[in-house]
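Commentary on secondary and tertiary structure
Each chain is listed here by its residues.
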Amino acid sequence: MPPLSLRIMGRDLPGRECGAYRDVHVAVQRGREPEAAVPGDAAEAVWEFTVEAVAAPDGAWDFRGPYVHGRRGARFLYLTWGELPPGGAFTMFRRAKLMLDDLPPQAVERGAAEARLGLTDACGMPVCAAVRPPGLTWS
């Protein structure tokens, strides 16, 4: 199967200052590293990349690639939050998991999916932990 194109669209970012954190940015995590960091006060955050979708022996979809984390049956993408001062290094302080088992099978078969989610939690901090519908919408 050709690569699965993913587009992640985040809105309602929490700002550059959240609690004790300054110079807040959010990035998609590729392997162990943040990639394409977006400032926490941006109007939106958008990432586009591909993953490999393969049919597992039981007929379910499985996902692979440098953006994919977790074990088979519980794969996910990370959005990583960190402080990124001018000229400094990204220092992660929390992450959100976008669970791939929530992907609609039709989107996988079509070869493209888009996720939309808010990036600020009820306390005004960066969203973290597993983000599932209705907090995340796949199309």
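See above for the structure.
Scoring rules and cut-offs
Counting restarts for each chain, with residues numbered from 1 along the sequence as it is written. Only residues with pLDDT of at least 70 get local features here, since the model is predicted, and only at 80 or more are side-chain atom pairs given and counted; chain-wide, interface and lining totals rely on the full set of residues. Excluding hydrogens and water, the side-chain figures rest on all heavy atoms present in the structure. We count a stretch as a helix when DSSP gives it H or I for four or more residues in a row; a strand needs E for two or more, and each element gets its number in order from the N terminus. Burial classification: accessible surface area is computed with a 1.4 Å probe over protein chains only, and a residue below 20% of its type maximum counts as buried, one above 50% as exposed, and the rest as partly exposed. Whether two residues are in contact is decided by their heavy atoms: any pair within 4.5 Å suffices. Note on aromatic contacts: the rings of Phe and Tyr and the six-membered ring of Trp form a pair at centre separations within 6.5 Å, being stacked when their planes are under 30 degrees apart, edge-to-face when over 60 apart, and tilted otherwise. Geometrically, a charge over a ring is one whose NZ (Lys) or CZ (Arg) sits within 6 Å of the ring centre while staying within 35 degrees of the ring normal. Strands were regarded as paired on the criterion that DSSP finds at least two bridges between them. Definition used in this section: a nonpolar core is a set of buried Ala, Val, Leu, Ile, Met, Phe, Trp, Tyr and Cys residues joined via side-chain atoms within 4.5 Å.

Examined against the element boundaries, Thr 80 turns out to sit in strand β6 (residues 76–83). According to the relative accessible area criterion, Thr 80 is buried, its value standing at 2%. The spacing of Thr 80 and Arg 22 is 58 residues in sequence and 15 Å in space, taken between C-alpha atoms. Ignoring any residue separated from it by four or fewer positions in sequence, one finds Thr 80 in contact with His 25, Val 26, Ala 27, Gln 29, Pro 34, Phe 90, Met 92, Arg 94 and Arg 95.

Looking now at the packing of aromatic side chains. In total, this model carries three aromatic pairs according to the counting rule given. Measuring from centroid to centroid gives 3.6 Å for Tyr 21 and Phe 93, while their planes differ by 5°, and the two rings are stacked. With Tyr 21 in the loop between β1 (4–11) and β2 (24–30) and Phe 93 in strand β7 (residues 91–99), this residue pair connects regions lying 72 residues apart in the sequence. Ring centres of Phe 49 and Tyr 67 lie 4.1 Å apart, and the angle between their planes is 25°; on these two criteria the pair is classed as stacked. Taken together, the residues span a long stretch of sequence, with Phe 49 in strand β4 (residues 45–55) and Tyr 67 in the loop between β5 (61–64) and β6 at a distance of 18 residues. The same class applies to Phe 49 and to Tyr 67, which are both buried. When the ring centre of Phe 76 is taken as origin, the NZ or CZ atom of Lys 97, which lies over that ring, is 4.5 Å away.

We now examine the pairing of strand β3 (residues 33–39). Bridge analysis of β2 against β3 gives five bridges, and the strand direction is antiparallel. Bridge pairing links Arg 30 to Glu 33 in β3. In this structure, the hairpin formed by β2 and β3 is closed by a connection of two residues, where Gly 31 is found at a positive phi of approximately 65°.

A separate point is the nonpolar core. Within soluble globular proteins, side chains that are nonpolar tend to cluster in buried spots. Counting 36 residues, the largest nonpolar core has Leu 6 and Trp 138 as the members making the most contacts within it. Counting only elements with at least two residues in this core, the list comes to β1, β2, β4, β6, β7, α1 (105–110), β8 (112–118) and β10 (136–138). The dominant element in this core, judged by the number of residues it contributes, is β4, at five residues. Non-local contacts of Leu 6, meaning those with residues more than four positions away in its chain, are made with Trp 47, Glu 48, Phe 49, Val 51, Leu 77, Leu 100, Leu 103, Ala 113 and Trp 138.

Keep in mind these values describe shape, not function.
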